[in-house]
Amino acid sequence: MTISSNLSLRITAILLAGFVALQLLIVAATTLPSRGDDQRPYNLPLPAQARAIVDALDRVPAAQRGDLVGALNGGLYSVSVEPRLPGATPQATPDLDLLAGYYARALPGRRLVVNGRRPLLGRMIGSRPRPARFFAPVTVAVELRDGSAAVLTSQPSASMRRFLRSRSWLGALSGLIVLSILALAVRQTARPLLRLAREVRGFGTNLDAPDLPVTGPREIRELAQSFNDMKARIRELMAERTRVLAAIAHDMRTYLTRLRLRAEFIDDARHRDGAVRDLDEMAALLDDTLFFAQGEAGAAEPVRLDLTATAAALVAVRRELGDAVTIDPAQELWVRATPLSVRRILGNLIDNGLRYGDAVTVRFDTAGDRIALIVEDDGCGVPPEVLARLGEPFNRLDASRNRETGGAGLGLAIVRALAGRDGAEVLFANRAEGGLRVTVRYPAAASGAVREP
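Structure report, in brief. Model, not experiment: these values are computed from the prediction.

### Considerations on the sheet that holds strand β8 (residues 360–367)
Strand-to-strand pairing in sheets goes through backbone hydrogen bonds, with the strands running parallel or antiparallel.
Logical step 1: Read across the open sheet, the five strands follow the order β6-β8-β9-β11-β10; overall the sheet is mixed. Two strands in the sheet have a free side with no partner beyond their single neighbour: β6 (325–327) and β10 (425–430). When strand polarity is set aside, the average angle formed by the axes of neighbouring strands in this sheet is 20 degrees.
Logical step 2: Helix-sheet contacts for helix α9 (residues 307–320) involve β6, β8, β9 (370–377) and β11 (436–443), and the interaxial angle to β6 is about 155 degrees.
Logical step 3: Sitting on the sheet, helix α12 (residues 411–421) is in contact with β10 and β11, with an inclination near 140 degrees to β10.

### Some thoughts on empty space enclosed by the protein
Logical step 1: Applying the stated criterion across every chain yields a total of four cavities of 30 Å³ or more.
Logical step 2: For the largest cavity, the calculated volume is near 50 Å³.
Logical step 3: Forming the walls of the largest cavity are P192, R195, L196, L212, P213, T215, I220 and A224.
Logical step 4: Elements with a contribution of two residues or more to the lining of the largest cavity: α6 (158–203) and α7 (218–263).
Logical step 5: If one sorts the elements of the lining of the largest cavity by residue count, α6 sits on top with three residues.

### Brief notes about the nonpolar core
Logical step 1: Formed by 37 residues in total, the largest nonpolar core has its most connected members in L307, I345, L346, L349, V362, V440 and Y442.
Logical step 2: At the level of elements, α9, β7 (334–337), α10 (339–356), β8, β9, α12, β10 and β11 are the ones that each hand at least two residues to this core.
Logical step 3: Looking at this core element by element, the count peaks at six residues for α12.
Logical step 4: Those residues in contact with L346, other than ones at most four positions away along the chain, are A311, L314, V362, L373 and V375.

### Some remarks on the environment of T153
Logical step 1: Position of T153 relative to the elements: it lies in strand β4 (residues 149–153).
Logical step 2: For the pair T153 and V114, spaced 39 residues apart in the sequence, the C-alpha separation amounts to 9.8 Å.
Logical step 3: Setting aside its immediate chain neighbours within four residues, T153 contacts L44, Y77, S78, P137, V138 and T139.

Quick notes on the rules
- Residues numbered from 1 in each chain as written.
- Predicted model: local features only at pLDDT ≥ 70, side-chain atom pairs only at ≥ 80, totals over all residues.
- Heavy atoms only, no water.
- Pairing = 2+ DSSP bridges.
- Helix = DSSP H or I, 4+ residues; strand = E, 2+ residues; numbered from the N terminus.
- Axes fitted to C-alpha atoms, helices over the stretch in contact; angles between N-to-C directions.
- Contact = heavy atoms within 4.5 Å.
- 1 Å grid on protein atoms, 1.4 Å probe; cavity = no way out; pocket = protein on both sides within 12 Å on 5 of 7 lines; lining within 4 Å.
- Points joined across faces, edges and corners; volume = space filled by probe spheres on them.
- Core = buried A, V, L, I, M, F, W, Y, C linked by side-chain atoms within 4.5 Å.
- Buried < 20%, exposed > 50% of the residue type's maximum accessible area, 1.4 Å probe, protein only.

Structure below.
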């Protein structure tokens with residue numbers, strides 16, 4: 001078992017490598033102590049060290065003090081020599097008074113001034129001594145024998161600040177590189193999972209979708225293979241169901257034909273017509289059930305189709321038959337769909353609208369990469385609590401199974417199944433002025449000639 005073939009080991013190795021790299025960066029960049037001695041809370045030299053510095057500056061001739069100051073300015077504090085002792089600032093705090101006492105005891109007989117101001121965040125974090133105050137440094141000025149003053153500042157010298165700044169940029173850049181590598185590695189590891197998620201979502205509308213490639217770490221390969229096996233089993237079950245329904249429909253049609261012939265010998269015309277009508281309804285129910293099963297099992301692949309031309313041709317035929325159907329003119333709207341499915345969907349929606357209303361209107365709408373086929377009727381609409389159940393198989397408002405008042409409840413279910421197979425979305429809504437609005441939103445396609453099967 002190698003790291004590249006095991007997802008758990010890959011993620012563990014990536015996290016471990018990132019953690020080690022981060023720790024190395026922290027060790028390399030962190031050279032400042034977290035806290036100094038109690039008597040040097042601002043990275044200032046200890047009082048004894050300050051006395052040694054002052055004594056050394058006193059002993060060195062004024063012309064050589066610059067070299068000594070440069071030698072001393074390599075640590076966490078800076079040293080300078082001013083012409084005279086600076087004045088005290090009125091913003092002294094208790095901790096600065098305490099610090100002044102430490103230095104006064106270490107430097108008896110010398111005048112000194114400790115200055116400092118409250119940091120910008122001092123109101124929130126308080127004035128408690130901090131390891132470093134780069135933006136609000138503390139200064140300890142000690143008068144020398146010649147009247148000048150040695151000034152100790154709790155801030156690294158300019159050369160040290162440049163050094164720390166360069167190391168900070170280096171650490172930040174290294175951190176970004178590490179994060180980029182980690183992000184790329186995690187993305188490469190998670191890509192098969194994202195592909196699997198897309199395939200799972202698409203499998204609900206396309207049973208004939210190609211199998212997932214069995215690649216990647218061992219866990220991903222096993223998951224992809226299991227998913228492919230599940231798809232094959234579901235396809236087999238759906239095909240078996242269709243074959244069973246087809247066999248039942250074939251046998252039932254044989255018996256229905258015999259019964260219809262025998263019904264012709266019924267002397268009572270009323271009973272004869274009722275029997276023939278019942279047999280016709282049974283045959284239509286079988287046809288709808290078989291068509292619904294075949295539609296869910298999949299059929300032809302979607303092609304580029306002019307939706308407006310297909311709908312206009314079907315509406316023209318229905319108007320010739322006397323149906324009250326109108327269509328709003330629209331420019332060419334090309335979608336990805338199956339021609340037979342579009343005609344069956346529109347036919348079912350028109351039948352449904354005329355069954356519950358007097359007139360049906362067909363129109364179109366575009367939004368983004370979707371083109372909507374909208375069918376509206378002027379009926380009484382649907383109760384709001386029933387809208388969510390429209391499109392379910394054998395679900396209808398009329399509790400009877402009389403095809404004159406609604407059929408077996410497969411019309412809208414067939415619409416939803418055929419639309420889903422073409423990647424379309426079906427929405428049901430009541431019109432404000434009364435009636436039902438059914439919207440079928442197809443994926444748009446570039447214009448071009450339709451390739452009818």
